[in-house]
Amino acid sequence: MKHKFEHPAPSARELNGPRYWRSLDELAATPGFQEHLEREFPQGAADLNGIDRRNFFRLMAASFALGGLGMAGCRRPEVNILPYGKSVEGVTPGLAQYYATAMPARGGAIPLLAECHQGRPTKLEGNPSYLPYGGASNLQTQAAVLGLYDPDRAMISTQAGNEVTGPQVNDLLAKIRDTYTPIGGAGLAFLAEPSTSPTRAALVANLKAKFPKAIWAEYEPVDGSAPERALETLLGKRARPLYRFAQAKRVLSLGCDFLQSESGAIGYARDWAKGRRQVGKGEAMSRLYVAESHFSITGSNADHRIRVAGSQLPGFAAAIARRVFAATGRFPELTGALDRLAADLKIDAGWLDACVADLCGHRGAALVCAGFQQGLAVQALALAINEALESFGRTVDLLPSESPAADSIHTLAVAIQTGQIRSLVIIGGNPVYDAPAEIDWPVLQKQVSEVIRHGLYSDETSAQVAEQGGWQVHGTHFLESWGDARTADGSIVPVQPMILPLFNGVSETEFLARIAGDSVTEGYSLVHRTFTELNGGSEKDFRGWLHDGVAVFTGATVIKPRIAAAALAEVLRGTSFPVLSTGNLEAVFVPDLKVDDGRYANNGWLQECPDPITKIAWDNPVQISPRLAADLKLIDPRRLDKDQPATGALDPARHDINQFTIGKEQAHVVRITLDGRSVEAPVHIQPGLADYTIVLPLGYGRTAAGRVGNSVGFNAYSIRTSAGAAFATGATIEVIPGRTQQLPNMQEHWAIEGRDIIREANLAEHHENPTWAAGIGMEAHSPAIYGTDKDKPAAFKAAKTPRGNSLYETPDLDGTHQWGMSIDLNTCIGCNACVIACQAENNIPIVGRDQVLRGREMHWIRLDRYYSSGFESNAAIPEDPQVSLQPMACQQCELAPCESVCPVNATVHDEEGLNVMAYNRCIGTRYCANNCPYKVRRFNFFDYQQRQLDSLYLGPLGPQGKPELLKMAMNPDVTVRMRGVMEKCTYCVQRIQRAKIEQKVKAGASGAIEVPDRTIRVACEQACPTEAIVFGNILKEDSAVSIAKSDPRTYAVLGYLNIRPRTTYIAKVRNPNTNMPGQKDMPPPLSRLEYNQKNHAAAGHGEGHGPMHGETHGAEHAAPAHKNGGQH
Amino acid sequence: MSKVFPPWSNRLPLQLALFLVVLGGLATAGVTYYFTPKYTRVGYAPVQPVPFSHALHTGQLGLDCRYCHTAVDKSPHSTVPAAQTCMNCHSIIKKDSPLLAPVRASFESGDPVPWVKIHQAPDFVYFNHAVHVNRGVSCVECHNNITQTAEGETMAQRQPLSMSFCLDCHRDPASRIRDPKDVFNLNSSRLVDQGKEKADAAVKLVQHWKVKPPQSCSGCHR
């Protein structure tokens, strides 16, 4: 039978589809392409992409309604194949291309590889050619691709809010040039974001030569130059410290969050993890001491953490320095000054002595780092301690840097106040939102008659520019413009565009080149010129640089410092600190771990990512300590007493501390007053803070960020002055009676309750009995799981060991590969990069604040953060908890409980051990989620991908459809799930299949179909800065994952259920100093203490079992016939 | 006691049951025949912007499949050629033919020729051409021998391409496999059809090459 269908020709709009999808390579390779581009994005093309969304949706809704009435739905939909008119070199539809680029970020660029599908970047990975980062990235990098396709980006240039064309903008820039050239730039001022780009530096130099009287000011709310300034003061030479954590065996962090917030943190985390992996007997595991005011990621990974308010850190550093200098004989003349500074410090001297003895015992392998937010005194003391400990050249290198040739925002403010400025050009940044409060920038800006703004977003600053009749020139995202940048260690990396500017924006370099009247104004040529000038390289070198994404690192000159005592004494002379109390609090301003200083506020992936420590998404509550909460009568003061009698209920204190009701944190609203300015915010009680420190995360409370970032949280900039940019004392807090606010907290219950899902031991115990992890937990008490195969390798167990006599038919695991994963909890730092990498790779939707409050977040990886106190009482709140971190995604159980309850076989096993989800088969009964012991399945309660998050409850009446722009961010290899479908991690099955197919294609007429080890990097593994996650084929005994799994600390979470998870964890080893106060008897980690209290004491085991408990029991239970298995 | 139900009502349940069985059977038969891809899709031959004849190009002229479908052995997609590929010849041959106007226009403007897609797998199916043609599955298996189509006939769907169609082969690859050198030879036949010796060779081939077509969901659905 044959049918002939006649279809109308496709409409023009349908044919427009692949027009975006052109890569830069075409641009370089095809002559005449430039001309073609002009037609590629006609002036109105952007309108389709979401500007006129409202009308678009209205039409769409109407057409769907009509379609439903007729029989249109019964006809076969017609789809077109739209090939290129002319073939594009290098592009094969269906195959991804990878290009090197870099993400310019605060504190140094991050080298990247961008995955492009027909010219459309969809995923960013770290560039493995850049060795310090080894292909790792962080959560902001992973989320950057969403920023490119943000429908709230500035899409047009405007004057006083009215659209202007590109030529008009060029005329404006030419006019500025012509007006100010004759008068040397008098009356002209620039306010820019600092940049590491050599091209921009060259352009600024040009600009200054052309306009010698103009002001070039730079401002960034979070200033990372404190260490450099300290070195300049001490040495007279500006330099930047580079830490070598891989060489450091003892690390003391003075408020330095080197695992996340410092510049170069990816490399630091990577290096630090190297020292943490060395837990064997002959190896020297590193030890980390942290003194900090707020709970940072670094603090949560410390072996010894001490709470010291930011303002008291100079005293703490002085106390450490005093002891170090006494032990090493350095700077004897400073003893008096240091004693004076340390006099008022209320810190256990035992702690300081033990810490210093440990540091001094590792001279040349010790490292003291001071956070970029610390003041001059702490920076200077840290440098001096490093010198005394002989760290320079071993664990700390000093890299010469140049003083910024820019004025401060204050200089500019004075110039504006005195009426000197007639034209102000604001490049990037967002001063209306984040300028220091004492400047009152919004008022200042109004005093300038002509303001021109260049920026990616139409933000708070743009809004005011429009209000005063100024110009807004829309910029370009780094993925659509040419540029270059320096990484934290000074390497120059290219920023290559992956796509043409989506909205015909003007890049920053082109903008500056036009104002300066440069002969070259095109981004590519500017970058080429800079490269040639800096390196004198050939065209081949340039091509190589673009291809590799990093030039061969020549090795910067390293300074060996000799610190003069006099200079140090001078620094210390002016330092003092006040005593803090409830009436004199210290406000700490920290850049948010997700949205940074506010620049990423409109990125939904980042907003929805829970804060690594508080686990709160979509908000930035003020954090206060339990002590302060007790003083404010928010909690019962008796709760702070660890001998508080236990209550019967499960864990009232741990649950109620933040007033959880029906899954939502009910936060009190407080008013914080600092220097006469006040701000209102919800308050979150955070164990582990310095008593009288309140933490105010920056970056929220935006009013013109866009649909995602608007009115999320409170704006801490409104009370932040430049004198107290990092921390300010004299703050007061008052609870506003009767006002509460719900906070979307993704982990309300933070105690482990003594369960064995976290297993920890101290290094000494590990050396005594390396198999300790196997002895903890229910496996030692449950019936034997692997029976006589217990000691067989993982490969054998996976493929051969029978899986019991279940009624449910279990699949034959006879595939060529058997996939497995190992997660090293020793090196997992809880940074959340994996969470966002997974979201970017797997098309995971954003659900919005309201849905998160209902517990409907969709992340496939959950990063569990547990606190343990070691208290027997469950009514007491710990002030010094230990943190345990655990990434939790689908464990790919071999005997998956979810599979046996699925009525439609939508979740089944494949022959390679994956627990797969056939989304098209799922009918949404949610039985599987109910039966999952790990709670890692996620359900699409709404059509999050197709509906707007504020109108989910309108159902079919709400607008439908995803903005065209956001569709472009989707990974074409992964199904976009709809409402009513369950989803979960499948070990990035698309990457597995791609690798398998590539291998089979390569194999052709042969049997070599086994994918070589490390070919497949799953998204979380690839992003992980510490290489904590290893994925691979467990059938091969020499594969990385098999080697990782052969570690004796390997354990399966809830292993006693006999579900045989393919993801296993390597238990954490802590490395405490036994000379520390309270460590004399070598107490186990606090989580272990809780475990012992809960399991052993109650069950009458007594201490007789001691550390050998596991081993003896393990042996006992090895025999499957052991009858009393569960009766202990 | 009066009769509430007449006597014929005694047979009613049986009749009803019979009726339902027949109705159910008819409905099942109807759906099985009319609603399946075998009926709804096979023979789909929409009017194309250019009446391209595979019979002419591959049959009479003997062009290799990969001259136009360049990425078929590399990419998931077989890739429909760019207008540029057509113009390699048609800038000389039939260069003024009105039928080729859309191709010339596309070559000039860069706008695509809107070919109508025929072999359409659902969005949740991730079919990959490269792995099939590199491992002894010929184009013929899904697209039939297009050298044999009648003159003037455009491309049409010849196989249902349903899940069971895929699984038939995935469960028994030896019955479909070809010598690798015959994959693009559309007139070749399967090894099983070339006598007992070759049929045995096919089974061996599957073993030696470790041809293990996935039968679990993850093979095609992600």
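Source: prediction; values computed, not measured.

Novice: Would you mind showing me how to read the overall build of chain A here?
Specialist: Along its length, chain A carries 39 helices and 38 strands. Residue burial in chain A is summarised as follows: out of 1128 residues, 60% are buried.

Novice: Looking at this structure, how should I read the packing of helix α5 (residues 83–90) of chain B against helix α6 (residues 101–109) of chain B?
Specialist: All names here are of chain B. Two numbers describe how α5 lies on α6: the axes approach to 9 Å, and their chain directions differ by 115 degrees. Handedness of the α5/α6 crossing: left-handed. Residues A83, Q84, C86 and M87 of α5 lie in contact with α6, whose contacting residues are V103, R104, S106 and F107. Considering only residue class, the contact of α5 with α6 consists of 5 nonpolar, 2 polar and 1 charged.

Novice: Would you mind going over the interface of chain B and chain A with me for this structure?
Specialist: When the parts of a complex come together, some accessible area is lost, and that lost area is often taken as the interface size. At the junction of the two partners, chain B supplies 58 residues and chain A supplies 56 residues. Sorting the residues of chain B by area buried against chain A places Y44, P112 and R222 of chain B first, and these three jointly supply 15% of that buried surface. At the boundary of chain B with chain A, the tally comes to 0 salt bridges. Along the contact surface separating chain B from chain A lie 19 residue pairs in polar contact (both at pLDDT 80 or more). For the side of chain B that touches chain A, the element with the most residues is α6 of chain B, which contributes 4 residues. Bridge count between strand β1 (residues 80–81) of chain A and strand β1 (residues 115–116) of chain B: 2 bridges; the pairing is antiparallel. Looking at β1 of chain B, one finds that N80 of chain A is bridged to V116 of chain B.

Novice: Explain the domain arrangement of chain A to me, please; I cannot follow it from the model alone.
Specialist: Assigned domains of chain A: these are domain 1 (13–42 + 751–1070), domain 2 (157–220 + 408–536), domain 3 (226–400) and domain 4 (585–744). When each unit is reduced to the centre of its C-alpha atoms, the spacing between domain 1 of chain A and domain 2 of chain A is 43 Å.

Novice: Can you walk me through the nonpolar core in this structure?
Specialist: General note: in soluble globular proteins, nonpolar side chains tend to be found buried as a group. In terms of nonpolar packing, the biggest core is built from 253 residues, with F258, F316, F325, I624, I694 and L696 of chain A touching the most fellow members. Once residues within four sequence positions are removed from consideration, I624 of chain A is found in contact with A629, L632, L634, V683, H684, I685, Q686, L689, T693, I694 and I733 of chain A.

Novice: Mind showing me how you'd approach the sheet that holds strand β16 (residues 450–455) of chain A here?
Specialist: Backbone hydrogen bonds hold the strands of a sheet together, and the pairing may be parallel or antiparallel. Residue and element names in this part refer to chain A. Strand order in this open sheet of 7 strands is β6-β5-β17-β16-β15-β7-β8, and the pairing throughout is mixed. Strands with a single pairing partner mark the edges of an open sheet, and in this sheet they are β6 (162–164) and β8 (215–218). Between one strand axis and the next, the sheet turns through 20 degrees on average, direction left out of account. Bridge analysis of strand β7 (residues 188–192) against β8 gives 4 bridges, and the strand direction is parallel. Of the residues in β8, the one forming a bridge with A192 is E218.

Novice: Would you explain the pattern of salt bridges in this entry?
Specialist: Where charged atoms from two side chains of opposite charge come close, those side chains can pair. All names here are of chain A. Counting across every chain of the model gives 65 salt bridges over all chains. Between R307 and D880 there is a salt bridge; the shortest N-O distance is 2.9 Å. With R307 in strand β12 (residues 304–307) and D880 in the loop between β29 (862–868) and β30 (882–888), this residue pair connects regions lying 573 residues apart in the sequence. With relative accessibility at 41%, the residue D880 sits in the partly exposed group. We note a salt bridge from E680 to R739, for which the minimum N-O separation is 2.9 Å. Of this pair, E680 sits in strand β24 (residues 677–685) while R739 is found in strand β26 (residues 727–743), placing the two residues 59 residues apart along the sequence. Taking the relative accessible area as the measure of exposure, E680 reaches 34% and is therefore partly exposed. One continuous salt-bridge network, built from bridges that share partners, spans R106, E193, E220, D596, D597 and R599.

Novice: Where do I start with the pairing of strand β15 (residues 423–427) of chain A in this structure?
Specialist: Along a regular strand, successive side chains alternate from one face of the sheet to the other. All names here are of chain A. Burial analysis of β15 places 5 of its 5 residues in the buried class, the great majority of the element. Burial of β15 is two-sided: the residues S423, V425 and I427 facing one way and the residues L424 and I426 facing the other way are all buried. As defined by bridge partners, β7 adjoins β15 across 5 bridges and the pair is classed as parallel. For L191, the partnering residue across the bridge sits in β15 and is I426. Examined bridge by bridge, β15 and β16 share 5 bridges and lie parallel to one another. Considered in β16, the bridge of S423 is made with E450.

Novice: What exactly am I supposed to notice about unusual backbone geometry here?
Specialist: Leaving glycine aside, a negative phi is the common case for residues, and trans is the common case for peptide bonds. In the Ramachandran plot, E390 of chain A falls in the positive-phi region, its phi being about 60 degrees despite a non-glycine side chain. Considering the arrangement of structural elements, one finds E390 of chain A in the loop between α15 (376–388) and β14 (396–400).

Novice: Which parts of the structure should I look at to understand the confidence of the model for chain B?
Specialist: As a note on interpretation, predicted positions should not be read in detail where pLDDT is low. When pLDDT is averaged along chain B, the result is 91; 99% of the residues meet or exceed 70. Interface confidence for the predicted complex, expressed as ipTM, amounts to 0.91; the pTM equals 0.89.

Novice: Mind showing me how you'd approach the sheet that holds strand β2 (residues 96–103) of chain A here?
Specialist: All names here are of chain A. In space, the 3 strands of this open sheet follow the order β2-β3-β4, with antiparallel pairing throughout. Edge positions in the open sheet fall to β2 and β4 (120–126), since each of these has one partner strand only. Ignoring strand direction, the axes of neighbouring strands in this sheet form an average angle of 30 degrees. Pairing between β2 and strand β3 (residues 110–117): 8 bridges, direction antiparallel.

Novice: What am I meant to see in the packing of aromatic side chains here?
Specialist: The geometry of an aromatic ring pair comes down to the distance between the two centres and the angle between the two planes. Residue and element names in this part refer to chain A. Under the definition given, this model contains 25 aromatic pairs over all chains. When the centroid spacing of 5.2 Å and the interplanar angle of 70 degrees are considered together, the rings of F245 and Y268 count as edge-to-face. Of this pair, F245 sits in the loop between β9 (239–243) and β10 (250–254) while Y268 is found in helix α10 (residues 265–277), placing the two residues 23 residues apart along the sequence. With a relative accessible area of 1%, F245 lands in the buried category. Ring centres of Y987 and F1031 lie 5.1 Å apart, and the angle between their planes is 70 degrees; this geometry places the pair in the edge-to-face category. Taken as a pair, Y987 in the loop between β34 (982–983) and α35 (989–1003) and F1031 in strand β35 (residues 1029–1033) lie far apart in primary sequence, 44 residues in all. Each member of the pair, Y987 as well as F1031, is classed as buried. By way of ring pairs, the aromatic residues W482, Y524, F531, F542 and W545 are connected into one cluster. Across from the ring centre of F295, 3.9 Å away, lies the NZ or CZ of R305, which sits over that ring. Above the ring of F939, the side-chain terminus of R926 is found at 5.1 Å from the ring centroid.

Novice: It is not clear to me how helix α13 (residues 335–342) of chain A should be interpreted in this structure. Could you clarify?
Specialist: Along an α-helix, residues three or four positions apart point the same way, because every turn accommodates 3.6 residues. Residues and elements named next belong to chain A. Every buried residue of α13 is listed here: L338, L341 and A342. Considered in projection along α13, the buried side chains sweep an arc of 90 degrees and stay on one side of the axis. Contacts made by the buried residues of α13 are with α12 (313–328), α15 and α23 (565–573).

Novice: How do you make sense of the side chain of H767 of chain A when you look at a structure like this?
Specialist: Residues and elements named next belong to chain A. Mapped onto the elements of the fold, H767 is located in helix α27 (residues 763–768). Within the local environment of H767, its side chain forms a polar contact with the backbone oxygen of G280, the two atoms lying 3.1 Å apart. Beyond its immediate stretch of four places on either side in the chain, H767 contacts V279, G280 and K281.

Novice: Just to check I follow, could you spell out the pairing of strand β11 (residues 287–292) of chain A for this structure?
Specialist: All names here are of chain A. With respect to burial, β11 is a largely interior element, 6 of its 6 residues being buried. Side chains R287, Y289 and A291 project from β11 onto one buried face, and the interleaved L288, V290 and E292 project onto a second face that is buried too. As judged from the 5 bridges shared by β10 and β11, these two strands associate in the parallel manner. Bridge assignment links L252 to a residue of β11, and that residue is Y289. On the question of chirality, the crossover connecting β10 to the parallel β11 by way of α10 is right-handed.

Novice: Can you help me understand the environment of I409 of chain A in this one?
Specialist: Residue and element names in this part refer to chain A. Structurally, the position occupied by I409 is in helix α16 (residues 409–417). Along the primary structure I409 and P610 are separated by 201 residues, whereas in three dimensions their C-alpha atoms are 33 Å apart. Filtering out sequence-adjacent residues up to four positions away, I409 remains in contact with L191, E218, Y219, A435, P436, I439 and W441.

Novice: Would you mind going over a nonpolar patch on the surface with me for this structure?
Specialist: The grouping of W8, L12, L16, F19, L20 and L23 of chain B at the surface amounts to a nonpolar patch, some 620 Å² of accessible area in total. Secondary-structure assignment places L16 of chain B in helix α1 (residues 12–34).

Novice: Help me out: how do you make sense of helix α6 (residues 139–148) of chain A in this one?
Specialist: A large share of α6 of chain A lies buried, amounting to 10 of its 10 residues. For α6 of chain A, every residue scored as buried is listed here: L139, Q140, T141, Q142, A143, A144, V145, L146, G147 and L148 of chain A.

Novice: Help me understand the side chain of Q379 of chain A in this model?
Specialist: Residue and element names in this part refer to chain A. Along the chain, the position of Q379 falls in helix α15. Q379 gets classed as buried once you look at its relative accessible area, which sits at 3%. Within the local environment of Q379, its side chain forms a polar contact with the backbone oxygen of G371, the two atoms lying 2.7 Å apart. Other than its neighbours up to four places away in sequence, Q379 contacts A226, P227, A230, A370, G371, F372 and Q374.

Calculation rules
Residues numbered from 1 in each chain as written. Chains lettered and ligands numbered in written order. Predicted model: local features only at pLDDT ≥ 70, side-chain atom pairs only at ≥ 80, totals over all residues. Heavy atoms only, no water. Helix = DSSP H or I, 4+ residues; strand = E, 2+ residues; numbered from the N terminus. Buried < 20%, exposed > 50% of the residue type's maximum accessible area, 1.4 Å probe, protein only. Axes fitted to C-alpha atoms, helices over the stretch in contact; angles between N-to-C directions. Left-handed = near helix turned anticlockwise from the far one by under 90°. Contact = heavy atoms within 4.5 Å. Nonpolar A, V, L, I, M, F, W, Y, C, P; charged D, E, K, R; others polar. Buried area = accessible area lost by both parts, 1.4 Å probe. Salt bridge = Lys/Arg side-chain N within 4 Å of Asp/Glu carboxyl O. Polar contact = N/O pair within 3.5 Å; in protein donor to acceptor, adjacent residues only side chain to side chain. Pairing = 2+ DSSP bridges. Domains from an automatic or database assignment. Core = buried A, V, L, I, M, F, W, Y, C linked by side-chain atoms within 4.5 Å. pLDDT = per-residue confidence, 0-100. Phe/Tyr/Trp six-rings, centres within 6.5 Å; stacked < 30°, edge-to-face > 60°. Lys NZ or Arg CZ within 6 Å of the ring centre and 35° of its normal. Arc of directions from axis to C-beta. Right-handed = clockwise from strand over helix to strand, strands pointing away. Patch = residues over 30% accessible without salt bridge, like charges linked within 9 Å, V, L, I, M, F, W, Y side chains within 5 Å. Areas by Shrake-Rupley, 256 points an atom, 1.4 Å probe, with all protein chains shown as cover.

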